[in-house]
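Each chain, letter by letter, is given below.
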Amino acid sequence: MSDRPPAAELRRSVAMLASEWWLVAGGLAGYLTYGVWVIGTGLAVETATPSLAARTLTTAGATDVTGLVVFAVVAWVLMPAVAAAWLLDRQLSNVNGNLVGRYRIDHPGVLPAPSGVLVLLATVAAIALGPRAPIVAVMAIASVHLLVRTVAFGRRVYSFSPKPLFAVMAAVSGVALAAAWLVSAPGLPGTVGERVASAGVVTVVDTGLTVVGVGSGTAAGILVAVPALLSGLYLAGQTMVARRVQAQAPLANPVKRAEQRYPIMPPVGDSSRPGPPTPLTNGRSPSTESSTTSSADDTTEPSTEADTTDSQPSTDRTDDPSDDDSSHTQVFTADEPIPDEAETMAAVAEAKEAADEDDGWVDDTAIFSPEGATSSDDECGECGEEIPRDSVTFCPNCGERVRR
């Protein structure tokens, strides 16, 4: 397992910024494409149906809502937001390999950390200095990056990872960012600002700000912070759910998606966390899966090969002399002196050395027999008298027949 410490994973999360060129390129392309879309469609509506654009369709309080405003809500806000959510989901999907290739990390919680810190700094600056244009621009960039990292984090974790929620977060963030672009567009310099005004953006923005009752600077600062706010709410909820999941660890038969990883859990039998034994899933326990998922990140998915070590019963082996090649037994009679420990060990060593040389059978266990008894004697089963093994049929002491 390549379970790196959180500090090392945080450095990896910062270094990962260099591989997110697609986010920079996509953001710039989206900003320019959206501007062309707004100006082009606005001029087309003003030219093709000037009466519809100026007609009042409804009212919001004391403010008239014209056809151009309704068109702007649909074409300039909702449609781009849905398109942005679809593109983000496609970019982070496992089909393209971006989530697996770029955001496969041992501690996914460090993914939102870099942009989260930048959002906090921009928020403090906006509170202290007001919603100035550079601060709003930094807030917008950090907020979008935080949303992307949060969605990547959410799709990687196991405890709370609802994919529809991520689509809703991306769509709502797209609505807020589109509205922030419209609010800021009238202040663009030169010919671009003139084209924006000709497309009717100023009229739409004035109507919206009048209905809401806020200034353009405040509205822009709030709108660009919406992705960061949604990310913070999700991260807080995910943290609470993750703690509940860890408290119930080890989990019984967890099922994960392809891009997810199992949470790091205590090993089976760990006394620090009570719980029932973890059942096997595809031949391995969830805790084992969580330990091996990170090492499998360099490939694709964790191996499902069954671990047969737990399924095979273990048999205890006893010290049975019959299992040895030789019993190493030595026989001493009662009239022989008992050797001390040093002499015994030396004799055993010599016997083993001799056994290694000639592969013979050696007996080094000391056995003491009664005085006068030899290895060629038998014992009478009736009176216990020692009887020569081959020369006597009846016991000379009690007359009992000797059974051999």
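Residues numbered from 1 in each chain as written. Predicted model: local features only at pLDDT ≥ 70, side-chain atom pairs only at ≥ 80, totals over all residues. Heavy atoms only, no water.

Before going further, it helps to spend a moment on the overall build of the protein chain. A count of helices and strands for the protein chain gives 14 helices and 6 strands. For the protein chain, the residues scored as buried account for 37% of the 404 residues in total. Of all intrachain contacts in the protein chain linking residues separated by at least 6 positions in sequence, the fraction that spans at least 24 positions is 68%. Approximately 23,400 Å² of the protein chain is accessible, and the part contributed by carbon and sulfur atoms is 61%. (Helix = DSSP H or I, 4+ residues; strand = E, 2+ residues; numbered from the N terminus. Buried < 20%, exposed > 50% of the residue type's maximum accessible area, 1.4 Å probe, protein only. Contact = heavy atoms within 4.5 Å. Areas by Shrake-Rupley, 256 points an atom, 1.4 Å probe, with all protein chains shown as cover.)

What follows is about the packing of aromatic side chains. Per the stated rule, a full pass over the model turns up 6 aromatic pairs. Summarising the aromatic geometry, the rings of phenylalanine 71 and tryptophan 76 are spaced 6.1 Å apart at their centres and angled 75° between planes, so their arrangement reads as edge-to-face. With relative accessibility at 27%, the residue phenylalanine 71 sits in the partly exposed group. Classification of tryptophan 76 by relative accessible area gives buried; the value is 0%. (Phe/Tyr/Trp six-rings, centres within 6.5 Å; stacked < 30°, edge-to-face > 60°.)

Should the charged atoms of two oppositely charged side chains come close, the side chains can pair. The full count for this structure, using the stated rule, is 3 salt bridges. The closest approach of N and O atoms between arginine 12 and glutamate 9, which form a salt bridge, is 3.3 Å. Taken together, the residues arginine 12 and glutamate 9, both in helix H1 (residues 6–15) and 3 residues apart, mark about one turn of the helix. Given the relative accessible area of 0%, glutamate 9 is considered buried. Note that arginine 155 is salt-bridged to aspartate 89, the shortest N-O span being 3.2 Å. In this pair, arginine 155 sits in helix H7 (residues 133–156) while aspartate 89 sits in helix H4 (residues 67–91), placing the two residues 66 residues apart along the sequence. A relative accessible area of 4% means that arginine 155 is categorised as buried. (Salt bridge = Lys/Arg side-chain N within 4 Å of Asp/Glu carboxyl O.)

In this sheet, strand E2 (residues 63–66) lies alongside strand E1 (residues 56–60) in antiparallel orientation, the contact comprising 4 bridges. Note on E2: the bridge partner recorded for threonine 56 is threonine 66. (Pairing = 2+ DSSP bridges.)

This part covers helix H11 (residues 216–224). Every buried residue belonging to H11 is among Ala219, Ala220, Leu223 and Val224, and all of these are buried. Projection of H11 onto a plane perpendicular to its axis shows the buried side chains occupying an angular sector of 120°, all on one side. In this fold, the buried residues of H11 make contact with H7, helix H8 (163–184), helix H10 (201–212) and helix H12 (226–247). (Arc of directions from axis to C-beta.)

For arginine 244, the location among the structural elements is in helix H12. For arginine 244, a relative accessible area of 60% translates into the label exposed.

To continue, consider the confidence of the model for the protein chain. With 61% of its residues at a pLDDT of 70 or more, the protein chain has an overall mean of 74. Confidence scores differ between elements of the protein chain, with helix H13 (residues 286–293) showing the lowest mean pLDDT of 40 and H8 the highest of 95. Segment residues 359–364: pLDDT under 50, and 21 contacts once partners within four positions in sequence are set aside and those in other chains are kept. Overall, residues 366–373 carries pLDDT values under 50, and its contacts beyond four positions in sequence, including any with other chains, amount to 17 contacts. (pLDDT = per-residue confidence, 0-100.)

This paragraph deals with the nonpolar core. Counting residues in hydrophobic clusters, the biggest one holds 38 residues, and the most contacted among them are Tyr34, Val38, Trp76, Trp181, Leu182 and Val201. Secondary-structure elements contributing two or more residues to this core are helix H2 (21–48), H4, helix H6 (113–129), H7, H8, H10, H11 and H12. Discounting chain neighbours no more than four positions away, the residues touching valine 38 are Trp76, Trp181, Leu182, Ala199 and Val201. Membership of the second largest hydrophobic core comes to 20 residues, among which are Met16, Leu88, Leu111 and Val148. (Core = buried A, V, L, I, M, F, W, Y, C linked by side-chain atoms within 4.5 Å.)

Taken together, the side chains of Trp37, Leu52, Leu57, Val70, Val73, Val74, Leu78 and Met79 make up a nonpolar region of the molecular surface, amounting to roughly 660 Å² of accessible area. Per-element tally for the nonpolar patch: the top contributor is H4, with 5 residues. Mapped onto the secondary structure, leucine 57 falls in strand E1. Given a relative accessible area of 46%, leucine 57 falls into the partly exposed group. (Patch = residues over 30% accessible without salt bridge, like charges linked within 9 Å, V, L, I, M, F, W, Y side chains within 5 Å.)

The interhelical angle for the contact between H7 and H11, taken along N-to-C directions, is 20°, at an axis separation of 9 Å. With respect to H11, the element H7 is oriented roughly parallel. Crossing angle aside, the handedness with which H7 passes H11 is left-handed. When H7 is examined against H11, the residues Val136, Met139, Ala140 and Ser143 are found in contact with a partner set consisting of Ala220, Gly221 and Val224. The residue makeup of the contact of H7 with H11, split by class, is 5 nonpolar, 2 polar and no charged. (Axes fitted to C-alpha atoms, helices over the stretch in contact; angles between N-to-C directions. Parallel < 35°, antiparallel > 145°, perpendicular 65-115°, else oblique. Left-handed = near helix turned anticlockwise from the far one by under 90°. Nonpolar A, V, L, I, M, F, W, Y, C, P; charged D, E, K, R; others polar.)

This next bit is on the packing of H7 against H12. Put simply, H7 and H12 touch, their axes get as near as 8 Å, and they point 30° apart. The orientation of H7 relative to H12 falls into the category roughly parallel. As H7 runs across H12, the sense of the crossing is left-handed. From H7, Ser143, Leu146, Leu147, Thr150, Phe153 and Gly154 reach across to H12, where they touch Pro227, Ala228, Ser231, Tyr234, Leu235 and Gln238.

So, on to the side chain of threonine 66. Considering the arrangement of structural elements, one finds threonine 66 in strand E2. With relative accessibility at 13%, the residue threonine 66 sits in the buried group. Not counting the four nearest positions on each side in its chain, threonine 66 is found in contact with Ala53, Ala54, Arg55, Thr56 and Leu57.

Okay, the side chain of serine 115 next. With respect to the helices, strands and loops of the structure, serine 115 is situated in helix H6. The contacts of serine 115, once residues within four sequence positions are left out, are Ala142, His145, Leu146 and Arg149.

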